[in-house]
Every structure is written in structure tokens, then in C-alpha cells.
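# Structure at a glance
If you want the building blocks of each chain, they are given just below.
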Amino acid sequence: MSIERSYDFVIIGAGIIGLTIAKNLKEKYPKSKIAIIEKEREIGFHSSGRNSGVLHAGFYYTSDSLKAKFTKEGCLYWQKYCEENDLQINKCGKVVVCKSEKDIESLLELKKRGDKNNVPLKVIDEKELKDYEPNAKTYEKALWSPLTATVNPMEILTHLKESLEKSGIDFFFNTPYENKIDENSIKAGEYIFNFKRIINAAGLYADKIAKDFGFSEDYVIIPFKGIYLEYTGNDKPVKTNIYPVPNIKNPFLGVHYTIKVDGTIKIGPTAIPAFWRENYKGLERFKLNEFLQIITWEAILFITNSFEFRSLALEEMKKYNKIYLIEQAVNMVKNIDKSKFNKWGKPGIRAQLLNIRTKELVQDFVVEGNKTSIHILNAVSPAFTASYPFTKWVVENYIN
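All figures in this text were calculated on a predicted structure; none of them were measured in a lab.

## A short note on the sheet that holds strand β20 (residues 348–355)
Strand order across the open sheet formed by four strands is β18-β13-β20-β21, with antiparallel pairing between neighbours. Of all the strands in the sheet, the pair left with one neighbour each is β18 (272–273) and β21 (360–361). Direction of pairing for strand β13 (residues 219–226) relative to β20: antiparallel, over a ladder of eight bridges. Across the sheet, Gly-226 pairs through a bridge with Gly-348, a residue of β20. Where helix α7 (residues 288–304) meets the sheet, it contacts β13, β18 and β20, and its direction lies at approximately 85° from that of β13.

Now the structure itself:
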């Protein structure tokens, strides 16, 4: 016998998007009854808790995108949030370096985008680079981003959860969404939830849940596995995030150096096509139906080589080889002890939306919905950074 619960708002997913949706709803509708349901036993079990911790400055994205609209604002918001609540933050900045002459055009394009998005950036030469990161090397030019910082994602999530609970928001863990009953009720775990509005922030499963409500008709989530390799030496040969100039045609930023809040150096991530949605390790969480759907789409993309998927997949698969992954990183610095990169971090899965009509990866955030259900379908990097202003926009535009 299911237990019935009634709320004004039910949110599916206790990652950063679900939590900031709840925060924005409570700020706009302080008297509302809000529940967050989560299939796992805790917050941030998937993408949010496995996030790199980088607060992005907002210069990778074209000015007409939601990412451009919210990334800088989100970066400043979380920096202030950490400072006000005594949470860890490392304002280490970031340099973007060129590997060859062909990167310079893309580097200057990033500077143009940053200018349009009002992001502080400085183009520097090889000599100036040593003033920002003495160990980094570049071809002729580099880009300095003073706003970029790193945080501890789980620390932010935990603090958010505690503050939301104090404001009266109910959490239901081990409560997986099962099915839609009607427009204003769902079955989840041992409960039936009745609601005025439901917000789907289910990450890796957002597309599947959206389909129950008549949305996500043009989309399917294709998972990509990201793995980092940590430097275990006591020395600190790199103090600033170092990124290569990316291929701006796809949403991945390439192997780079991230400096964690405690100063630990890590390199990565990979962007390896995964074979099911929670394909973290071995055969854990294997689901045959997911495997068949995803492998079919990946085969189609591989054969057609849409958005250069074939070359991307082949290149990324090489990064399972630790030596190859390390070589990608050491090319960006003058000196580092390769042997000290010997600790694998916790893998993460990027819930990347694919448009099945165009066979292209969707670059921007995507939201669909109506008067009773809202579905956040593509909340990929820099979603953690942009989460608070982005979900404020969702509340203002989809709930009234």
C-alpha cells in the first residue's frame, strides 16, 4: 500500500540543479510545500558530487546561449556563497594555452566570446605567462582568466541541503521515480506524490522521465565517462588551472590541469563514450535495455561520423591508457614528475543530450515543459557553476 503525500512542488533529483531549483522556489514562494525525491541514499551521488569543482568564468560559450547568460553570474554567486558560509574556495585562476599555431585563431575567438559575455580575460604572450603560471608553456599566446576558481562540490551540496531542510523542504531518499499516474501525481518508491508542479532534474534519466510527460521527443541522453588522474607528490609544481585551447565545435574541453581546493593537482578528464547511463566501473548498475539503446546510437554516430564522433571516440578510448593520458597533460608544462600521477579519481558520467533528428550533441542547456511539468534535459558543464542563476531563470520563466 503506497503512502500518499501532497506538495505544491515535487522535484526529481538531489543534485545541484534539483537543490538550487528548490532554493529559488522557496525564495519566490516562501509558503510553498516542496519535496525533493532522490533514487539514491544521499545527495550528489552522480554528476554533481563527481564534478571537477571548477567554477567556470563563462568565456567558452557564444553570447546567444543560456550558458553565456548564466556562467559568469553563477561563478560570482558561488564564490560569494563560499566566502559567506566559510566553505573552501581556491581562487587560482586559469590559463588557456596553445599547442601550435593553429590554436591561436580559436584562442582569439574565446577572447571575443569572453568580451561579449563581459568576462574579464587577458591575452598574454609566452614571456608574460610565467607571471601567472611559471610552469606552463604555450605557443606564442595564452589566455588568462582571473575569475576561474575551484570549490569542493560535496561541501556546497551538503551546506545547501542543510539550509533547505531548515527552510522546511522535505527530502525523500531511496525513492526512485517509477511512473506517472496522471498530470498531477506520480509513483515513486513507496509513495504516491500529488503536486501542482513537478520539476524533473533527474540528470542521466531526465530524458526518460520527460518522455512519460510527452516531452524530450527529439532527444536522448548519451553518457560520456570522465576520469581524472591525481598527482600524489608533496610538491606543488602547478598552482593554476591549465587548459588547452579546445575544439570549439564540440562541448568537451580536453585534458587539462585542475587545482583542487586543497592544492592537489589532477589531470583529465576523459570524455569516453559510456555503454549505459551509470557505467562507472565494471558491470555495476548494468541495464541491458539501456546498453542496447545507447550502443545502437553510438554505432550510428560512429558509422556516420556525425560531429566527428568516430575520431572523438577513438581518441578518447586511448585515454584509458594512463601513459597516454599523462602525455596529453605534460605537453602543457615545462617540468613535472610523471611517475607521481598514480591515483585515479572517482569517475563521473556526463549526461550529454543528443538531438536524434540532427544527430548532433546539444551544446546549450535545454528545458521543456508546460503548466504542470518542467523538464531540465541538458544540464551539462558548466551546469554546476551556472546552477543558481540558471534555475532562477527556470522558475521565473516556467512557473508563474
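## Quick look at α7
The first and last C-alpha atoms of α7 sit 24 Å apart over 17 residues, in line with the 24 Å expected at 1.5 Å per residue. Of the residues making up α7, those classed as buried are Glu-290, Ile-294, Trp-297, Glu-298 and Leu-301. Projected down its long axis, α7 shows its buried positions confined to an angular sector of 100°, all on one face. Opposite the packed face of α7, turned more than 90 degrees from it, sit the exposed residues Leu-288 and Ile-303. Elements in contact with the buried residues of α7: β13, β18, α8 (309–317) and β20. Count one or two residues on from α7 and you reach Asn-305, which has phi positive near 55°.

Quick notes on the rules
Residues numbered from 1 in each chain as written. Predicted model: local features only at pLDDT ≥ 70, side-chain atom pairs only at ≥ 80, totals over all residues. Heavy atoms only, no water. Pairing = 2+ DSSP bridges. Helix = DSSP H or I, 4+ residues; strand = E, 2+ residues; numbered from the N terminus. Contact = heavy atoms within 4.5 Å. Axes fitted to C-alpha atoms, helices over the stretch in contact; angles between N-to-C directions. Expected span 1.5 Å × (residues − 1). Buried < 20%, exposed > 50% of the residue type's maximum accessible area, 1.4 Å probe, protein only. Arc of directions from axis to C-beta.

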